[in-house]
Structures are given as structure tokens and as C-alpha cells.
Amino acid sequence: MLIELQKGLLLNTRKIVKFAEGLSQEEVLFRPYDAVNSFLWNLGHATYVRNTMIKILNPTAKLDVYENEKELFGNGSSLQGNEAYPALSFILEQFVKRGEEINVLIETVSVEQLQQESSIKIGPDPRTNEALLWFFYNHETEHLGEMKILKNLANRLRNA
């Protein structure tokens, strides 16, 4: 039904796992200037949003949430000191696991559920559950681009 969304999420997952390879915890927390989020924050935020996608696909799902997730990575969260953030490997594991769960749920979600107006209100217009899933996929892909740039900066600074 949403096979293109499944493919896109799998591609995002593969790319982000690849971008993370070889980065140290110090590198994933690097911010080139104050108005930019770190690689780890972008990944944590995308992981947080994947739980929202799970809730759209299965409103009764009991979400797997780790300590301080919303405070660290939720909408409107403020940046904390580096010591507050979990290890890259932990966040990456959560990201991959939630992606797998989303792709399983996509296989079973009904057309009726997808066409319903979403209870999650983002933006001025009412959105269907399906439209909101695509919105969040696009949102994740934007953060993926930021992570690619931060990966490139880390590599450049490492070799400077």
C-alpha cells in the first residue's frame, strides 16, 4: 500500500547508518556554530519522530520511549550539555528498530485508517494520516541532509 514510503524509510536508514560509521561521540556532538544542531541531535529528533509515525499507524501502540527522549529531542527541546546525550550507538539502534516497526505496521494498516483525518495537528490544514506520514518522511529526509553535511565537516576537520 505504502511501498514507496517503506522503500524511502529503508533508504534513509541505510544512509544514516552509513553516515554514522566511524564518527566518534565527540564528532556527533560537534556543532559548527550555535544555531546548528549536532549530528546526534538530528538523529535523536528523527528517532523521536519515528515514534509519532508508529502512533499514526497504530494509535493504540505502547511506544518504546527512553529516558529524557522528549526533553532532549522533542519539538521545541533546548540543547543540553554534551554529557546529557546518549551514545550514538544507542540512538542509532532505536532509530533502526523504530524504522523496522514502521515498515511492519505499513503492511497491516487499513486504507480507512490512512484516509482518516489525523489526530496529530501539524500545520494549518487538516491532514490525513497518510499525508502526515509523508510529511514526517520528508522531515526525516531533511534532517538526513543535515547529518550528511555534519559528517562531511567531521571528516574535513579530522583531516585538517
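It should be noted that the structure appears before, not after, this text.
These numbers were taken from a predicted model, which means no experiment stands behind them. (Residues numbered from 1 in each chain as written. Predicted model: local features only at pLDDT ≥ 70, side-chain atom pairs only at ≥ 80, totals over all residues. Heavy atoms only, no water.)

Draft legend 1. Up close: the side chain of T47. The residue T47 is located in helix α3 (residues 39-57) in this model. If we ignore the near neighbours within four places in the chain, the residues touching T47 are E69, I91, Q94, F95 and R98. (Helix = DSSP H or I, 4+ residues; strand = E, 2+ residues; numbered from the N terminus. Contact = heavy atoms within 4.5 Å.)

Draft legend 2. Broad picture of the nonpolar core. Core analysis: the largest hydrophobic core is formed by 43 residues, its most contacted members being F39, L43, L57, F73 and L133. Only α1 (3-20), α3, α4 (69-73), α5 (88-108) and α7 (129-158) provide two or more residues apiece to this core. Tallying contributions element by element places α3 first for this core, with 11 residues. Leave out the neighbours within four places in its chain, and L133 touches L2, L5, M53, I56, L57 and L114. (Core = buried A, V, L, I, M, F, W, Y, C linked by side-chain atoms within 4.5 Å. Buried < 20%, exposed > 50% of the residue type's maximum accessible area, 1.4 Å probe, protein only.)

Draft legend 3. Quick look at the packing of α3 against α7. Closest axis-to-axis distance for the α3/α7 pair is 10 Å, and the angle between their directions is 165°. Relative to α7, the element α3 is oriented roughly antiparallel. Two packed elements cross with a definite hand, and for α3 against α7 that hand is left-handed. The segment α3 lies against α7, with F39, W41, N42, L43, H45, A46, V49, R50, T52, M53, I56 and L57 engaging N129, L132, L133, F136, Y137, H139, E140, H143, E146, M147 and L150. Grouping the constituent residues of the contact of α3 with α7 by class yields 14 nonpolar, 6 polar and 3 charged. (Axes fitted to C-alpha atoms, helices over the stretch in contact; angles between N-to-C directions. Parallel < 35°, antiparallel > 145°, perpendicular 65-115°, else oblique. Left-handed = near helix turned anticlockwise from the far one by under 90°. Nonpolar A, V, L, I, M, F, W, Y, C, P; charged D, E, K, R; others polar.)

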